[in-house]
Structures are given as structure tokens and as C-alpha cells.
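# Architecture and fold: a report
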Amino acid sequence: MKGASFKGRGTSQQPGNVYEKNDFVQEHIEGVDLPIYEENPRTKFIKINTKSALSVNDSPDLPLSYSINPYQGCEHGCIYCYARNSHQYWGYDSGLGFETNILVKANIIEQLKRQFEKPTYQAQAIMLSGNTDCYQPAESKFKLTKKVLETCLEYKHPVSIITKNSLIERDFELLKKLASKNLVHVYLSINHLDNELKLLLEPRTAIAGKKIEIIRKFSTAGIPIGIMVAPIIPGINTDAIPEIIKSAAKAGAKKVGYTVVRLNGQVKDLFHNWLFEHFPDRAEKVMHQIEALHGGNVNDSDWGRRLKGEGVLAQTISDLVQISIRKHLPKDAKMPAFDFSQFIGNGQTKLF
């Protein structure tokens, strides 16, 4: 089918880069445009150097000001991913190019240590990652996330992790050491319980059942872990919200957060085409419900409103989440506070 997704990919589309003046196309002799890729392309890993390991954000929607992104681009292929648009900054497209051209920040540990050792640096919890998943398939090859965690342990620096990949289980012993010093929070993103939906929505992520197993294992070992039900897509995964929260709470999750879907930039067209390809019977209704969350638009850039939406449907989703939390999470469940007093900078323990 023309435009259909490749197996294991969120999309086969390659929308033009908004920052490029020209589009690259292949034209058939009869004058019919052909896709650049007629078969699923191999993933390319491109090593780059970064000037700074830490990204700084001033968004009031995000609890942490610092984030680390060892990789740009992501093989997980989540069709709704807001980070797709940012891949255009690097000269690639937000569709298949985002999933198949992975930038690897080869010098990120060197730069992270350099920043930790600055006399003026003040320890704050770091989000790992803020843009693309730090445990995406590339991590099994390059191990940059593991090295970041080892560096955080060396410097006694707090870090908060969010991922959709079971590869995090590889670092179980390292995370236990960080947890014993109150230096780590872990969040797993779970927005479905249907393995068939996963293959369409988030092709190369872990299945929900595996994530629940990890929650149980980590919680039992004293690693503080919570979940993000994100994004909630009306008409696609809203029915799963109560059972997701129930299963995670039963396994030992200490916190639940959520966001609703918003389709920024080119993600709007990518998602729209995905939706009509896989769910043609309800596609129009889903798009209208997304618009209902964002004042008639599919995207919202206003702080405080963009992640949870507004209106009757947004309130219904919020009520469903909060009722499920009250019903299933223990009242005293919470993430432990980070301990910033242990941070080591300039090779010496900071006393004041």
C-alpha cells in the first residue's frame, strides 16, 4: 500500500524539511514520484560531538531544568512523538528520517564531567532524557546512558529517568546503588495494554507486561519507580487508563503522571495519515476529539494547558486518572526526595 508503514517503523513517510529550500525526490520516467525508500532502510548511527552535555529549559510544564539527551532521533518510532520535529534542525526529516538516522553524542561523558566540575555549577536533578528515549535500541550498542548513570554515581548527582524500553533492566545493579543514596527516580511510560496496538503506535518499545514486571522488580529492590500514562489519545487508549494505573500500582509504582496527545508541527500530518491507515473507522472522530482537547486545534503551545488540555473531554480524562490513582495507589505512596548534599564537584565534596 502506498504510504503504508514499514514493519517495525512508525511511518514510511518523509515530509520535506522546513529548514531546507529544496526537497529531494526520485522521479519515474513516466513522471510519477517514487519514494526514496521502497524497502525498510537500515538504521544509520552518526557519531557527533556536543558542546554541552546538559540542555537547559525554562518551561514551567517541566519539573526539571536540566536534561541529557545521549541520542537524537529514535528508533522506537512512536508516531505521536513531539521530538520528531527537532530532527529537522540536524538536516533530516521528521518521519522515517527521525527513526533511521540516529545521532550519537560520542563525547557526552567528557562534557558532562567538565560541567559538573565547574566551580559555579549547582547540582539539580537531571532528566534523562528530555527529547528522545535514552534506552532506545542504540543504547545497547553505545552504552552512553549507562555511562551517564555511572558518572552521576561517581559525582553523587541526582538523575530522573524516563523510558519505554526494557533495556533499563540491564542497569539494575547500577540503579540500586544510585537509589541507596537517594540519587535516582525511574519512570516508565505506559499508554496501552494491547500488544497489537503497541506494534502500530510504538513499534520498537517494550510491551506493557514487561514494563509491569520491571516495576515490580525495581520496587522490590528499593528503586523508586513511577509511571507516565502518556500520551493519552482519545478513542485509541483512553479505555486502558484505569487498568494501567491499577497494574502499575499493584506492582509497586509510587507515582502516576499523564499527558494528552498534542500534534505539533509535522507530527500532525504524520499522525493523521497513520490514523487513517490503521483506524479508518474512527479516524475522523479521534481527530475531532484531539481538537476538543486543544480549543479546536490539534496542538497547543500555552504553558500549563498544552500537556493536559482543556474543556469537557480534558476534565473527563483528568477525573478518570485521579479516581484511578485514589483507588489503587496507597495514600502514602510518593517518590523519595533527592539528596543534593552528597554532590562532588571539582573532585572534592562540597561542604557549603
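Before reading further, recall that the structure is shown in the block above.
Every value quoted in this text rests on a predicted model; they were computed, and no experiment measured them.

Calculation criteria
- The residue numbering used here restarts from 1 in each chain and proceeds along that chain's sequence as written.
- Only residues with pLDDT of at least 70 get local features here, since the model is predicted, and only at 80 or more are side-chain atom pairs given and counted; chain-wide, interface and lining totals rely on the full set of residues.
- The side-chain numbers reported here are obtained from all heavy atoms of the structure, hydrogens and water having been left aside.
- Note on pairing: two strands pair once DSSP finds at least 2 bridges between them.
- Here a strand is any run of E in DSSP of at least two residues, a helix any run of H or I of at least four, and the numbering for each starts at the N terminus.
- Axis geometry follows a simple rule: fit a line to the C-alpha atoms, using only the stretch in contact for helices, then measure angles between N-to-C directions, giving values from 0 to 180 degrees.
- Only protein chains enter the calculation, and the probe is 1.4 Å; a residue is then buried if its accessible area is under 20% of its type maximum, exposed if over 50%, and partly exposed in between.
- By definition, residues are in contact when any of their heavy atoms lie within 4.5 Å.
- As used in this record, nonpolar core signifies buried Ala, Val, Leu, Ile, Met, Phe, Trp, Tyr and Cys residues forming a set joined through side-chain atoms within 4.5 Å.
- Exposure above 30% relative accessible area and the absence of a salt bridge qualify a residue for a patch, where like charges join within 9 Å and nonpolar side chains (Val, Leu, Ile, Met, Phe, Trp, Tyr) within 5 Å.
- Areas reported as accessible are Shrake-Rupley estimates using a 1.4 Å probe. Residue values count occlusion only from the protein chains shown.
- Here a salt bridge means any side-chain nitrogen of Lys or Arg lying within 4 Å of a carboxyl oxygen belonging to Asp or Glu.
- By convention, orient the strands away from the viewer: a clockwise path from the first strand over the helix to the second makes the crossover right-handed.
- Taking the helix axis as origin, the arc is that swept by the directions to the C-beta atoms.
- Ring pairs shown here join Phe, Tyr and Trp side chains whose ring centres sit within 6.5 Å, with only the six-membered ring taken for Trp; geometry is labelled stacked below 30 degrees between planes, edge-to-face above 60, and tilted in between.
- Only Lys NZ and Arg CZ are tested; either one counts as a charge over a ring when it is within 6 Å of the ring centre and within 35 degrees of the ring normal.
- Our angle categories are set so that under 35 degrees counts as roughly parallel, over 145 as roughly antiparallel, 65 to 115 as roughly perpendicular, and the remainder as oblique.
- A clockwise turn of the near helix away from the far one marks a right-handed crossing, whereas an anticlockwise turn of less than a right angle marks a left-handed crossing.
- When residues are sorted by character, Ala, Val, Leu, Ile, Met, Phe, Trp, Tyr, Cys and Pro go into the nonpolar class, Asp, Glu, Lys and Arg into the charged class, and all the rest, Gly among them, into the polar class.

With that settled, the discussion passes to the sheet that holds strand β12 (residues 256-260). Across the sheet, which stays open at both edges, the seven strands sit in the order β4-β5-β8-β9-β10-β11-β12 with mixed pairing between neighbours. Sheet topology places β4 (54-56) and β12 at the edges, where each strand pairs with a single neighbour. Recorded for the sheet is a direction-independent mean angle of 25 degrees between the axes of neighbouring strands. Across three bridges, strand β5 (residues 66-68) lies against strand β8 (residues 126-128) in parallel orientation.

So, on to the environment of H185. Locating H185 in the fold gives a position in strand β10 (residues 184-189). A residue is classified by how much of its surface remains accessible, and H185, at 9% relative accessible area, is buried. Residues H185 and F338 lie 153 residues apart in sequence; the distance between their C-alpha atoms is 8.5 Å. Setting aside anything within four residues of it in sequence, one finds H185 in contact with V159, S160, I161, P224, M335, P336 and F338.

The subject of this paragraph is the nonpolar core. Counting 66 residues, the largest nonpolar core has I161, L175 and I215 as its most contacted members. Discounting chain neighbours no more than four positions away, the residues touching I161 are L128, C134, Y135, L149, I168, L175, V184, H185, V186 and Y187. Judged by nonpolar contacts, the second largest core, of 24 residues, contains I79, C81, L275 and V298.

The next thing to look at is a nonpolar patch on the surface. A surface patch of nonpolar side chains, about 500 Å² in accessible area, is lined by V18, Y19, Y89 and W90. With respect to the helices and strands, the residue W90 is situated in the loop between β6 (71-72) and α1 (96-100). Look at W90 and you get partly exposed, because its relative accessible area is 40%.

What follows concerns the pairing of β12. The buried count for β12 comes to five of five residues, which makes it a mostly enclosed element. Because side chains alternate across β12, one face comprises the buried residues V256, Y258 and V260, and the other comprises G257 and T259, equally buried. Note on the crossover from strand β11 (residues 225-232) through helix α8 (residues 241-251) to β12: the handedness is right-handed.

So, on to unusual backbone geometry. Omega for the bond connecting L128 with S129 falls within 30 degrees of zero, at 5 degrees, which places this linkage in the cis form. Here S129 is to be found in the loop between β8 and α3 (138-142). A cis geometry characterises the amide bond from A230 onward to P231, with omega recorded as -15 degrees. Structurally, the position occupied by P231 is in strand β11. The residue N182 is not glycine, and still its phi comes out positive at about 55 degrees. Its place among the elements puts N182 in the loop between α5 (172-180) and β10.

Attention now goes to the sheet that holds strand β7 (residues 101-105). Pairing within the open sheet is mixed, and its three strands lie in the order β3-β7-β6. Either end of the sheet is taken by a strand with one partner, and the two such strands are β3 (44-48) and β6. In the sheet, β3 pairs with β7 via five bridges, with the strands oriented parallel. Across the sheet, residue I46 finds its bridge partner in β7, namely L103.

Before going further, it helps to examine helix α2 (residues 108-116). Among the residues making up α2, those that are buried are I108, I109, Q111, L112, Q115 and F116. Buried residues of α2, seen end-on, are gathered within an arc of 160 degrees and therefore sit on one face of the element. The inward-facing, buried residues of α2 abut β4, β5, β7, β8, α4 (144-155) and β13 (344-345).

Here the focus is the side chain of D171. With respect to the helices and strands, D171 occurs in the loop between β9 (159-163) and α5. When residues no more than four places from it in sequence are discounted, the contact partners of D171 are Y135, K146 and L149.

The next point concerns the packing of aromatic side chains. Counted under the stated rule, the structure contains eleven aromatic pairs. Centre to centre, the rings of W274 and F279 are 5.6 Å apart; their planes meet at 55 degrees, and the pair counts as tilted. Per residue, the accessibility class of W274 equals that of F279, and both read buried. Site record: aromatic cluster; members linked through ring pairs are Y66, F116, Y121, Y155 and F343. The ring of F172 is capped by K217, whose NZ or CZ atom sits 4.6 Å from the centre of that ring. It is K308 that lies over the ring of Y258; its NZ or CZ is 4.7 Å from the centre.

Here the focus is the packing of α2 against α4. At a minimum axis distance of 10 Å, the contact between α2 and α4 shows a crossing angle of 20 degrees. When the axis of α2 is compared with that of α4, the two are roughly parallel. Considering only the axes of α2 and α4, their crossing is right-handed. Counting all contacts with α2, which are made through I108, I109, L112, K113 and F116, the residues of α4 involved are L144, K147, V148, T151, E154 and Y155. Along the lines of polarity and charge, the residues of the contact of α2 with α4 split into seven nonpolar, one polar and three charged.

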